[in-house]
Amino acid sequence: MVSRRFAVGRRCSMDTFPPFSRLRWSPVRRRRGCVPAHDPLRRPAGRVEPQLDYLAMTSNWTVPGEAVSPVRHPEAPAPGESIPAHWHGCFGCRGTGDGGLGLDVRAGEGAEVTGEIVVDPAFEGGPGVIHGGVLSSVFDEVMGFSAKLLALEVVTAHLEVDFRSPVPVRSALTVRARVDGVLGRKLYASAEVYVNGAAAPAGSARALFITIDQAVHFRDLVGNSTRI
Ligand SMILES: CCCCCCCC/C=C\CCCCCCCC(=O)SCCNC(=O)CCNC(=O)[C@H](O)C(C)(C)COP(=O)(O)OP(=O)(O)OC[C@H]1O[C@@H](n2cnc3c(N)ncnc32)[C@H](O)[C@@H]1OP(=O)(O)O
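Remember, it's a predicted structure, so these values are computed and weren't measured experimentally. (Residues numbered from 1 in each chain as written. Predicted model: local features only at pLDDT ≥ 70, side-chain atom pairs only at ≥ 80, totals over all residues. Heavy atoms only, no water.)

Asker: Could you give an account of unusual backbone geometry, naming the residues involved and the relevant values?
Answerer: Notably, A151 is not glycine yet its phi reads approximately 60 degrees, a positive angle. Inspection of the secondary structure assignment puts A151 in the loop between α2 (132-148) and β3 (154-163). Here A151 falls in the partly exposed class, since its relative accessible area comes to 46%. (Helix = DSSP H or I, 4+ residues; strand = E, 2+ residues; numbered from the N terminus. Buried < 20%, exposed > 50% of the residue type's maximum accessible area, 1.4 Å probe, protein only.)

Here's what the structure looks like:
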């Protein structure tokens, strides 16, 4: 039976093996007539392709000029100290043995924090690399922890991530995050992730957090939890 996805060309045994999927659109397979029905290399005639500048694929998110500098709470954990979990049921705070991310987040200077995590193979997305959604969660969590240095309770209203290079499973990640500015209930944060101590970041993120009163915000939701 010829699969619908590869109806254009001959069926190849390689189609069923994900590690070889990068060969799907190779010139060799194209010559053999073995290309998928939705070949991304087949451009509609006359269409002008955008000239994407890879480095321009970063955020245009800016901290408003009226925002003020974050003020560290006098009782915030000292630089180098671990920041305690905000909720034992949180996926970001739990250990990998309990189905969580296994993050260790430590206070830095000012409103900066550093998160450390070894990418568990369970977090795989593409072959051998972390799932982008998991990396987004790592960014979300570490940036959120920077609010704890201001002793604020926050939830994420907006999160954006730039994935610059693949992040291998089992690699050790260092995430540096900070609150860049505060405007009323709004906290603007940013972060970068470094793989195995590399000098250049493999990705970056920005987020808007909104301060809440936990007791009020989760009052009608806490009943859904299985971890009380
Ligand atoms: C994982 C759970 C974490 C629990 C944390 C407990 C505290 C622990 C302390 C520290 C932890 C640090 C670690 C946590 C890290 C992980 C955090 C997460 O992943 S949280 C889960 C995902 N996020 C949600 O589920 C929010 C769902 N959204 C909402 O509940 C509401 O939309 C909320 C609270 C964000 C805002 O609703 P409103 O009614 O209170 O306030 P309005 O007036 O709508 O917004 C306030 C201001 O923010 C702007 N705003 C809101 N959303 C925006 C957006 N998406 N983009 C731009 N601006 C936005 C608005 O325009 C407004 O601005 P103007 O004051 O008028 O200037």
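What follows picks up the thread again.
Asker: Lay out the pattern of salt bridges in plain terms, naming residues and giving numbers.
Answerer: Going through the model one piece at a time under the given rule, you end up with four salt bridges. A salt bridge links R106 to D104; the shortest N-O distance between them is 2.9 Å. In this structure, E192 engages R178 in a salt bridge whose closest nitrogen and oxygen atoms are separated by 2.9 Å. In this pair, E192 is assigned in strand β5 (residues 186-195) and R178 in strand β4 (residues 172-183), connecting sequence segments 14 residues apart. (Salt bridge = Lys/Arg side-chain N within 4 Å of Asp/Glu carboxyl O.)

Asker: Pulling in residues and values, what's your account of the site of the ligand?
Answerer: The environment of the ligand is made up of 20 residues, and the closest members are D140, T156, A157, R185 and K186. Between the ligand and T156 there is a distance of 2.9 Å, counted from a nitrogen atom to a backbone nitrogen or oxygen. Taking 1300 Å² as the accessible area of the ligand by itself, protein coverage stands at 55%. When residues of the shell around the ligand are traced back to their parent elements, those giving at least two are α2, β3, β6 (203-211) and α3 (214-217). Broken down by class, the residue content of the shell around the ligand amounts to eight nonpolar, six polar and six charged. (Near = heavy atom within 4 Å. Polar contact = N/O pair within 3.5 Å; in protein donor to acceptor, adjacent residues only side chain to side chain. Areas by Shrake-Rupley, 256 points an atom, 1.4 Å probe, with all protein chains shown as cover. Nonpolar A, V, L, I, M, F, W, Y, C, P; charged D, E, K, R; others polar.)

Asker: Can you break down the confidence of the model for the protein residue by residue, with the values?
Answerer: Of all residues in the protein, 75% have pLDDT values of 70 or greater, and the mean over the chain is 84. The low-confidence segment residues 1-25, where pLDDT is below 50, has 46 contacts with residues more than four positions distant or belonging to other chains. Prediction confidence for the complex, expressed as pTM and ipTM, is 0.82 and 0.98 respectively. (pLDDT = per-residue confidence, 0-100. Contact = heavy atoms within 4.5 Å.)

Asker: Describe in detail the layout of surface pockets, supporting the description with residues and values.
Answerer: Its volume calculated, the largest pocket comes out at about 700 Å³. Along its surface, the largest pocket is lined by 26 residues, and H86, W87, V154, Q214 and F218 are the ones closest to its centre. Counting residues per element, the ones that place at least two in the lining of the largest pocket are α2 and β3. Ranked by the residues each element gives to the lining of the largest pocket, the list is headed by α2, at seven residues. Per-class residue counts for the lining of the largest pocket are 15 nonpolar, seven polar and four charged. (1 Å grid on protein atoms, 1.4 Å probe; cavity = no way out; pocket = protein on both sides within 12 Å on 5 of 7 lines; lining within 4 Å. Points joined across faces, edges and corners; volume = space filled by probe spheres on them.)

Asker: Can you tell me about the UniProt feature "domain: Thioesterase" (unreviewed entry) in the protein, naming the residues and giving the values?
Answerer: Per the UniProt entry, the sites bearing "domain: Thioesterase" (unreviewed entry) are residues 128-194 in this numbering. Between the end C-alpha atoms of residues 128-194 there is a gap of 17 Å, over a span that is 25% helix and 46% strand. (UniProt positions renumbered as here; feature names shortened; annotations may be inferred.)

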